[in-house]
Amino acid sequence: MFSRIWLGPWGVRVALVLALIVSGLPGSARAEPGRPLIVGAEIDFPPYVDVDAQGQPTGFAVELFAAVAAAMDIPITFHPDRWDIVWQDLKAGKLDALPLVARMDEREGQVEFTQPHTIGYDSFFVRKEHPPINSIGQARALSIIVLRSDAAHHALVGRGFTHQLVIVDSLADGFRLLASGQHDAVLAPRLQGNMLVEMAGLSEVIEAGPLLKDYRREFCFAVRKGDTELRDRLDQGLAIVKASGEYDRLYRKWLGIYETPTFPVKYAVWGAGAIAVLLALLGLWTWQLRRQVARRTAELAQAVAAVQAERQRLHDVLQGLPVYVMLLSQDYQVVFANRFFEERYGKAHSRRCYQYLFNRSEPCEVCETFKVLKTDAAVDWDWTGPDGRDYKIHDYPFADSDGSPMIMEVGIDVTEMNRAKQALREANASLERRVTERTAELEAARWEAEEARDLLRVTMDNAPALMSYIDTDCRYRRVNKAYEQWFGHSSEQVYGRHIRGVLGEAAWLTLAPYVERALAGERVAFEIPVPYAEGDTRWIHATYSPDRDAEGWVRGFVAHVLDITERKHAEEELRKADRRKDEFLAMLAHELRNPLAPISNAVQIMRRLGTLDPKLQWTRDVIDRQVEHLTRLVDDLLDVSRISRGKIELKNEPLSLADIVQRAVETSRPLIDARRHQFTAHFPPEPVRVEGDLVRLAQVVSNLLNNAAKYTDEGGQIELTVEPSDGDVVIRVRDSGRGIDPTALSDLFDLFYQVDRTIDRAEGGLGIGLSLVKRLVAMHGGEVRAFSEGRGRGSEFVIRLPRLPDHPTVHSPFCPNRSRQTADSGS
């Protein structure tokens, strides 16, 4: 089920000597005080790893890792969790090591493995009524339970097992599933499986099949990928623990009690029968003689086994060392080379060193190694291998079992140490160069800073604006020439004084809130009138920009101030002129409207009296149309005047958009019909409601329809579309008319703006309608935009208004079913 490696007393002494040799390696120094290693510990994998009743990690692998860490003076702390979690944490670098990981090809590139410390085999556990499973191939058609991310899991997946696998997070759960009659078998380590079955009381239900020879588990310590230094130190510690006998003690404590007794009873019976026959034939003397021979034979067998085990243990220690160890005979032949050496330079056994390493036909002229045979004393020297790696060589005199002189050579790889020393020398030289260069750069920066300071002083002093620097105590640290001229104080007189003392109390109280915001780290720009100490109130445009130190703390602010008093006076004069213009327009509109009513009444009287003269009828109709047109112009002019002066009050109420459109279409229908246009309206199926003034919103839509009718040649197309969306509603009025130059779209809604400014314009108008549309829509919280691809390409006006939430309403008669509505007119 599992095997181990152990050393006898002689092997202990040799291994300890080798451990002392390798303790001088760069990578095997004592761990410096600091963060302890974070070691994961799997839960529920007894007797290797588990947690006790207090939740502390326990088991053979846990105590073995702790013994190895203690031998190497490495502080550690264990973090127990499920296997799949600790495995992922090790690969992600959250853990430094795991005490028990099965070495597999697919895991080689994910972590670093030490030498194996235990070897085990798996079995298929089945219910007793189920025939045993002797190989993995027999299980291909069966439902197999495996532990998630375990070696058995990877082994079966690698052999094409997919759909028949049942994944569990605990082998104990897997055995309970098997005992309940679910699935066919559990694949698990033989030793651990027997223990879990016995602990769960399932021995009468479940039994283990034969050991599988298809694969075996080599249990190792595992560390993070790339941490070869820690891996080598753990290998050294493992060798020391094995040599000290601590490994055997832990093995007997945790694993020895679960070994299946294999006492050869049948051989004892046969021996007893043979002895009885011999006693009958040879007598008592012969029996006693055979007893002595048998006892001596057993003692010799035990001695041979101990020697073989000790040799194997010593061999494993030498193979696990992170240095190379060789035995050389007098004739330059390599008698032994450990794995470290052969992994770098290939198989060396029975080959002469000068042929093997340097492809020479005779020994090297300069070689310190074989001086050991002449002096019978240890020799230390430096050597560079054929691969360019550097070694510290320690050669010792050694005697073979037959007394033949040999040399034991221990080579410590110091390549990285030499490279580090060289890198340190180069770094020191580079640092000296950088210090020299940095000194020159600092000197140049100092001159540059002085030039920048002079340039800043010249710039500030010649700037027309007032510029100053004020610290966190609100005291002046610098002012420019304009500042001195405005306040009549020199820089020396202002330096260090508080703002209040320079500008006066009234000015300070006005500016203090902005100063506070600037010192809080906010860039502040503002325009306000400031009453200065001289009694003169001036309008200023000021910008306060905070200045921060290298750590981001505000250490003052820069004030940039412009005197805008004259500009403010000019703006006030413009506002007065604009008010006078609005008052004039209002008076003009009223004066123009007064004579319109009598003219309109006179036309209606003429219509009632009737006349048969065609010329008089034509004259009456012309007067009637022009009076109506002039009335609309005057009404628009009055509306613009009222909006400009804030005289219009909206009568807002919830409105159906269909009602608004209906009233607008009724107003514009005569003009549309007169010009024989085809008019189409599209409505959504659901009711759409807005809040506003019915008269004013209908006026907006009617103005757009009238514009479309006037600026579209006869027989054109006009389309009105209502499109609801989240939170608002869009009204589109699109025509196939004359279009608008794209460069004129930005000015289209300005008061009195006209695209065609020639005196003989056919459609007339004052350029008021679209300005009125924009202002009324804005008063309802909406916006209006115009679009056109150019002259002759038609135009589109889009109104966007806030939409009221939907709720049941009475359908408008204009759109009875709220579906798409089309009204056509034209010839």
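Refer to the structure printed above.
Procedures and definitions
Residues numbered from 1 in each chain as written. Predicted model: local features only at pLDDT ≥ 70, side-chain atom pairs only at ≥ 80, totals over all residues. Heavy atoms only, no water. Salt bridge = Lys/Arg side-chain N within 4 Å of Asp/Glu carboxyl O. Helix = DSSP H or I, 4+ residues; strand = E, 2+ residues; numbered from the N terminus. Buried < 20%, exposed > 50% of the residue type's maximum accessible area, 1.4 Å probe, protein only. Pairing = 2+ DSSP bridges. Core = buried A, V, L, I, M, F, W, Y, C linked by side-chain atoms within 4.5 Å. Contact = heavy atoms within 4.5 Å. Phe/Tyr/Trp six-rings, centres within 6.5 Å; stacked < 30°, edge-to-face > 60°. Lys NZ or Arg CZ within 6 Å of the ring centre and 35° of its normal. Axes fitted to C-alpha atoms, helices over the stretch in contact; angles between N-to-C directions. Parallel < 35°, antiparallel > 145°, perpendicular 65-115°, else oblique. Left-handed = near helix turned anticlockwise from the far one by under 90°. Nonpolar A, V, L, I, M, F, W, Y, C, P; charged D, E, K, R; others polar.

Engineer: Give me the lowdown on the pattern of salt bridges, citing residues and values where you can.
Structural biologist: Summed over the entire model, instances satisfying the criterion amount to 41 salt bridges. Here Glu416 makes a salt bridge to Arg419, at a shortest N to O gap of 3.3 Å. Placement of both Glu416 and Arg419 in helix α14 (residues 415-462) is noted, with a separation of 3 residues, approximately one turn of the helix. Glu416 gets classed as partly exposed once you look at its relative accessible area, which sits at 48%. Where salt bridges share partners, they join Arg344, Arg389, Asp413, Glu416 and Arg419 into one cluster.

Engineer: Explain the pairing of strand β15 (residues 324-328) residue by residue, including any values.
Structural biologist: With respect to burial, β15 is a largely interior element, 5 of its 5 residues being buried. Burial of the side chains of β15 extends over both faces: Tyr324, Met326 and Leu328 are buried on one face and Val325 and Leu327 on the other. With 5 bridges connecting them, β15 and strand β19 (residues 405-413) associate as antiparallel partners. Paired with Leu327 across the bridge in β19 is Met408. Examined bridge by bridge, β15 and strand β16 (residues 334-337) share 3 bridges and lie antiparallel to one another. Of the residues in β16, the one forming a bridge with Leu327 is Phe336. Counting the residues between successive antiparallel strands, the hairpin from β15 to β16 contains 5 residues, one of them, Tyr332, with a positive phi of roughly 70°.

Engineer: So what about the nonpolar core? Which residues, and what values?
Structural biologist: Core analysis: the biggest nonpolar cluster contains 47 residues, and Tyr48, Phe60, Leu64, Phe125, Leu171, Phe175 and Val186 have the highest contact counts within it. The dominant element in this core, judged by the number of residues it contributes, is helix α2 (residues 60-71), at 8 residues. Discounting chain neighbours no more than four positions away, the residues touching Leu171 are Asp44, Phe45, Leu147, Val186, Ala188, Gln192 and Leu196. Ranked by size, the runner-up nonpolar core spans 42 residues in total, among them Leu657, Val784, Phe797 and Ile799.

Engineer: Account for unusual backbone geometry, naming residues and giving values.
Structural biologist: In this model, Pro46 is joined to Pro47 through a cis peptide bond whose omega is -5°. Looking at the secondary structure, you find Pro47 in the loop between β2 (37-42) and β3 (50-51). Unusually for a residue other than glycine, Ser149 sits at a positive phi of about 65°. Assignment of secondary structure puts Ser149 in the loop between β10 (144-147) and α4 (151-158).

Engineer: An account of the packing of aromatic side chains is needed here, citing residue identities and associated values.
Structural biologist: Inspection of the entire model under this criterion finds 17 aromatic pairs. Their ring planes at 80° and their centres at 5.3 Å tell us that Phe526 and Tyr544 sit as a pair that is edge-to-face. Residue Phe526 is located in strand β22 (residues 524-531), and its partner Tyr544 is located in strand β23 (residues 537-548); the two are separated by 18 residues in the primary sequence. As far as burial versus exposure is concerned, Phe526 and Tyr544 are alike and both buried. Ring pairs connect the aromatic residues Tyr324, Phe341, Tyr345, Trp383 and Tyr391, which therefore count as one cluster. The cationic tip of Arg446 hangs over the ring face of Trp447; the distance from NZ or CZ to the ring centre is 5.0 Å.

Engineer: Let's hear about the sheet that holds strand β17 (residues 379-384): which residues, and what values?
Structural biologist: Pairing between the strands of a sheet comes from backbone hydrogen bonds, and it takes one of two forms, parallel or antiparallel. Taken together, the 5 strands give an open sheet; going across it, the order is β16-β15-β19-β18-β17, and neighbouring strands pair in antiparallel fashion. Every other strand in the sheet has two partners, leaving β16 and β17 as the edge strands with one partner each. Here the strands of the sheet are splayed against their neighbours by 25° on average, with no regard to which way each runs. With 9 bridges joining them, strand β18 (residues 390-399) and β19 adopt antiparallel strand pairing. For His394, the partnering residue across the bridge sits in β19 and is Val410.

Engineer: Could you give an account of the packing of α2 against helix α8 (residues 246-254), with specific residues and numbers?
Structural biologist: Two numbers describe how α2 lies on α8: the axes approach to 10 Å, and their chain directions differ by 165°. Taken together, the axis directions place α2 and α8 in an arrangement best described as roughly antiparallel. Crossing of α2 against α8: the hand is right-handed. Together, Phe60, Glu63, Leu64 and Ala67 of α2 and Glu246, Tyr247, Leu250, Tyr251, Lys253 and Trp254 of α8 make up the contact between the two elements. The class makeup of the residues in the contact of α2 with α8 is 7 nonpolar, no polar and 3 charged.

Engineer: Could you give an account of the pairing of β22, naming the residues involved and the relevant values?
Structural biologist: Side chains Val524, Phe526, Ile528 and Val530 project from β22 onto a buried face, and the interleaved Ala525, Glu527, Pro529 and Pro531 project onto a face without burial. Sheet topology note: the β22/β23 ladder contains 8 bridges and is antiparallel. Counterpart to Val530 in the pairing with β23 is Arg538.

Engineer: So what's going on with the packing of helix α23 (residues 694-710) against helix α24 (residues 769-779)? Residues and values would help.
Structural biologist: Running from N to C, α23 and α24 point in directions that differ by 145°, and their axes come no closer than 10 Å. Note on packing geometry: the crossing formed by α23 with α24 is left-handed. In contact with Arg696, Gln699, Val700, Asn703, Leu704 and Asn707 of α23, α24 contributes Gly769, Leu770, Leu772, Val773, Leu776 and Val777. Residue composition of the contact of α23 with α24, by class: 7 nonpolar, 4 polar and 1 charged.

Engineer: Account for α4, with residues named and values stated.
Structural biologist: Turning to α4, its buried residues number three or more, namely Ala151, Ala152, His153, Ala155 and Leu156. On its buried face, α4 is in contact with β6 (97-102), β9 (122-127), β10, β11 (165-168), β12 (185-189) and β14 (217-224). Gly160, located one to two residues past α4, shows a positive phi value of around 95°.

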